[in-house]
Amino acid sequence: MRHSWRIGRIFGIDINVDSSWFLIFVLFSWVLAANYYPQGYPGWSTGLYWLIGILTSLFIFSSVLIHELAHSIAAIKQGEKVRNITLFILGGVAQITEEPKRPLQELVMSLVGPLTSFGLGFVFFILALILRGIGDPLYAMASYLALINIILGIFNLLPGFPMDGGRVLRAIIWQVTGNLRQATRIASKTGQGFAFLLMVLGGIQVLRGYLSGLWLIFIGWFLHSAAVRGYRRVMVEAVLKGVKAENLMTKDYQSVRHDLSVQKLVDDFILKKKERVFLVLEEDEVRGIVCLEDVKATPREKWSDETVEDIMTPREELMFVSPEADGNTILNSLTAKDIHQVPVLKDGKITGIICRSDILRFIQLHSELGV
Ligand SMILES: [Zn+2]
């Protein structure tokens, strides 16, 4: 499982470090202390190589953090919310809660990151010039950091979504066509293309005996899935835009008794009546809701022993929405709280139930029909 730790808070943004970050931190320090610095600058003591290696790694990750902070501050200035910044094995990511609302906003938000990296590269370059001749280790570190920041800036500008350059490309297409969904599709396809290219390059390196190619394959694989996910997110948002709870809910849901066995629920209600969602009652009181998803999550051998009450979402944990509630907001809350269904309440009465599967089917139908 993934673990991450909060190491601080800057400008009201939580800074997290993922467990995978420690791996890359140790790897970087080791490669620098045992390989890069000894080859370029012979004659230091082992301790000094390690000190400079570890310091350089810390500065690399501070540089990544500053890059992400630049994105975050630009986002906050434009009225977006930033949940957190997480440093992980491949760098950093700023969690911005919503997609940008205008092309120009996206353009600015994306460009500040690489520009900040170039700025940092320039600062380290000047430092290296100053330190030249004063102290070899500090000069070595500054010139390495100048190089790394410039590479970071260039790499991020590759025009494939979700990299910054891909977001710039998306903003431009979006500005020209006025269609965010189409812009995202093109930028995402370009991103997938770059990711594929990285994986091929990595594969060739591995075949030629360089294990560092595995690294490129890994980065390519990560970028590929991020590009696919990014497009899906925008597509879902576009389909659900302006869709209200009353358009998504099931009105003719059935009620079942709380002490009904899961087996009976399956036999008598789900299979016979083809229903997917049920209000669970004790006498006339609503105790909770049970959905097809809850049944699927229960192992088959337990169906005869467990009751509907055992597997339902109890009333206390339910989130209620009004018929006018926004589709995107509902889906985001369902995902964030990991619940499967939400009752729609009007004047204190349940008028319908929305299952996560209802929303997914709605999205699937609309995207298949292209409407
Ligand atoms: Zn960036």
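Here, residues in each chain are numbered from 1, in the same order as that chain's written sequence. The predicted nature of this model means local features are confined to residues of pLDDT at least 70 and side-chain atom pairs, given and counted, to a pLDDT of 80 or more, with totals for whole chains, interfaces and linings taken over all residues. With hydrogens and water excluded, all non-hydrogen atoms of the structure serve as input to the side-chain values.

Chemist: So what's going on with the overall build of the protein chain? Which residues, and what values?
Modeler: Under the scheme used here, helices are H or I runs from DSSP no shorter than 4 residues and strands are E runs no shorter than 2 residues, and both carry numbers assigned from the N terminus. The helix and strand inventory of the protein chain stands at 13 helices and 10 strands. Two things to know: the radius of gyration comes from C-alpha atoms, and the globule rule equals 2.2 Å times the number of residues to the power 0.38. Here the C-alpha atoms of the protein chain give a radius of gyration of 26 Å, more than 25% beyond the 21 Å that 2.2 N^0.38 yields for 371 residues. The principal-axis extent of the C-alpha atoms belonging to the protein chain is close to 85 × 50 × 45 Å. Per-residue burial over the protein chain gives 46% buried out of 371 residues. Each accessible area is a Shrake-Rupley estimate made with a 1.4 Å probe; only the visible protein chains count as cover when residues are assessed. Surface summary for the protein chain: the accessible area is close to 20,100 Å², and the carbon and sulfur share equals 61%. Just so you know, the count uses Lys and Arg for positive and Asp and Glu for negative, and it drops His and the chain ends. Here the site of a charge means NZ on Lys, CZ on Arg, CG on Asp, or CD on Glu. Within the protein chain, the 35 negative side-chain charges are centred at a point lying 8 Å from the centre of the 37 positive side-chain charges. Exposure is judged per residue with a 1.4 Å probe applied to protein chains only, and the accessible area is read against the type maximum: over 50% gives exposed, under 20% gives buried, and values in between give partly exposed.

Chemist: Go over the coordination of the zinc ion, please, and point to the residues and values.
Modeler: Note that water is not among the atoms used; donors are N, O and S atoms within 2.8 Å of the metal (3.2 Å for Na, K and Ca), so sites may look incomplete. The zinc ion binds to the protein through His67 (NE2), His71 (NE2), Asp164 (OD) and Asp164 (OD); the donor distances cover 1.9 to 2.7 Å. Given four donor atoms and angles of 54 to 154° at the metal, the environment of the zinc ion is assigned as irregular. Here the donor residues of the zinc ion are spaced in sequence according to H-x3-H-x92-D. Remark: Asp164 occurs in helix 5 (residues 164-177) and His67 occurs in helix 2 (residues 46-77); sequence separation between them is 97 residues. Judged by relative accessible area, which is 2%, His67 ranks as buried. Angle rules define the geometry names used: all angles between 85 and 135 degrees makes four donors tetrahedral, while opposite donors over 155 degrees apart and all other angles between 65 and 115 make four donors square planar and six octahedral, leaving every other case irregular.

Chemist: Now, about the nonpolar core: what can you tell me, with residues and values included?
Modeler: In globular proteins that are soluble, nonpolar side chains generally tend to be buried together. Take the buried Ala, Val, Leu, Ile, Met, Phe, Trp, Tyr and Cys residues and link them wherever side-chain atoms come within 4.5 Å; each set so joined is a nonpolar core. Membership of the largest hydrophobic core comes to 22 residues, with the highest contact counts inside it found for Leu240, Val321, Ile330, Ile354, Ile359 and Ile363. Of all the secondary-structure elements, those providing two or more residues to this core are helix 7 (213-240), helix 8 (245-248), helix 12 (327-337), strand 9 (341-346) and helix 13 (356-369). Ranked by residues supplied to this core, first place goes to helix 7 with five residues. Apart from the residues within four sequence positions on either side, Leu240 is in contact with Leu248, Asp326, Gly327, Asn328, Leu331, Ile359, Phe362 and Ile363. Counting residues in each nonpolar core, the second largest holds 19 residues, with Leu32, Ala128, Leu131 and Ile148 among its members. When checking whether two residues touch, look at their non-hydrogen atoms; a contact exists if any pair is within 4.5 Å.

Chemist: Describe helix 6 (residues 180-207), and please don't skip the residues or the numbers.
Modeler: With 28 residues, helix 6 should cover 40 Å at 1.5 Å per step; its first-to-last C-alpha distance of 40 Å lies within 8% of that length. Residues of helix 6 that are buried make contact with helix 4 (136-156), helix 5 and helix 7. Downstream of helix 6 by a residue or two, Gly209 has a phi angle that is positive, lying close to 95°. Take the number of residues in a helix, subtract one, and multiply by 1.5 Å to get its expected span.

Chemist: Outline the sheet that holds strand 1 (residues 4-10), listing residues and values.
Modeler: A pair of strands is treated as paired once DSSP finds two or more bridges between them. Read from one edge of the open sheet, four strands run 1-2-3-4, paired in mixed fashion. In this open sheet, the two strands that pair with only one neighbour each are strand 1 and strand 4 (91-96). Across the sheet, the mean angle separating the axes of adjacent strands is 25° when strand polarity is ignored. Sheet topology note: the strand 2 (residues 13-18)/strand 3 (residues 82-88) ladder contains four bridges and is parallel. To get an axis, fit a line to the C-alpha atoms, keeping to the stretch in contact for a helix; angles then go from 0 to 180 degrees between the N-to-C directions.

Chemist: So what's going on with the packing of helix 3 (residues 103-131) against helix 4? Which residues, and what values?
Modeler: For the pair helix 3 and helix 4, interaxial distance at closest approach is 8 Å and the crossing angle is 160°. Accordingly, the angle class assigned to the pair helix 3 and helix 4 is roughly antiparallel. Considering the relative orientation of helix 3 and helix 4, their crossing is left-handed. Across from Pro114, Ser117, Phe118, Leu120, Gly121, Phe124, Phe125, Leu127, Ala128 and Leu131 in helix 3, the residues of helix 4 making contact are Leu138, Tyr139, Ala142, Ser143, Leu145, Ala146, Asn149, Ile150, Leu152, Gly153, Ile154 and Asn156. Classification used: nonpolar for Ala, Val, Leu, Ile, Met, Phe, Trp, Tyr, Cys and Pro, charged for Asp, Glu, Lys and Arg, polar for all others including Gly. Among the residues forming the contact of helix 3 with helix 4, the class breakdown is 16 nonpolar, six polar and no charged. We call two directions roughly parallel when the angle between them is under 35 degrees, roughly antiparallel when it is over 145, roughly perpendicular when it lies between 65 and 115, and oblique otherwise. In this scheme the crossing of two helices becomes right-handed for a clockwise turn of the near helix relative to the far one and left-handed for an anticlockwise turn of less than a right angle.

Chemist: I'd like a description of the state of the cysteines, backed by residues and values.
Modeler: In a disulfide, the sulfur atoms of two cysteines are covalently bonded to one another. Here, two cysteine sulfur atoms that lie within 2.5 Å of each other are counted as a disulfide. Going through the model one piece at a time under the given rule, you end up with one disulfide. Linked covalently through their sulfurs, Cys291 and Cys355 form a disulfide whose S-S length is 2.2 Å. A torsion of -70° about the S-S bond marks the disulfide between Cys291 and Cys355 as left-handed. One end of the pair, Cys291, is in strand 7 (residues 285-291); the other, Cys355, is in strand 10 (residues 349-355), and 64 residues separate them in sequence. Accessibility classification places Cys291 together with Cys355 in one group, the buried group.

Chemist: Describe the side chain of Ser117, and please don't skip the residues or the numbers.
Modeler: By the element assignment, Ser117 lies in helix 3. Take Ser117: its relative accessible area is 0%, and that puts it in the buried class. Sequence-distant contacts of Ser117, defined by excluding residues within four places in its chain, comprise His67, Asn149, Leu152 and Gly153.

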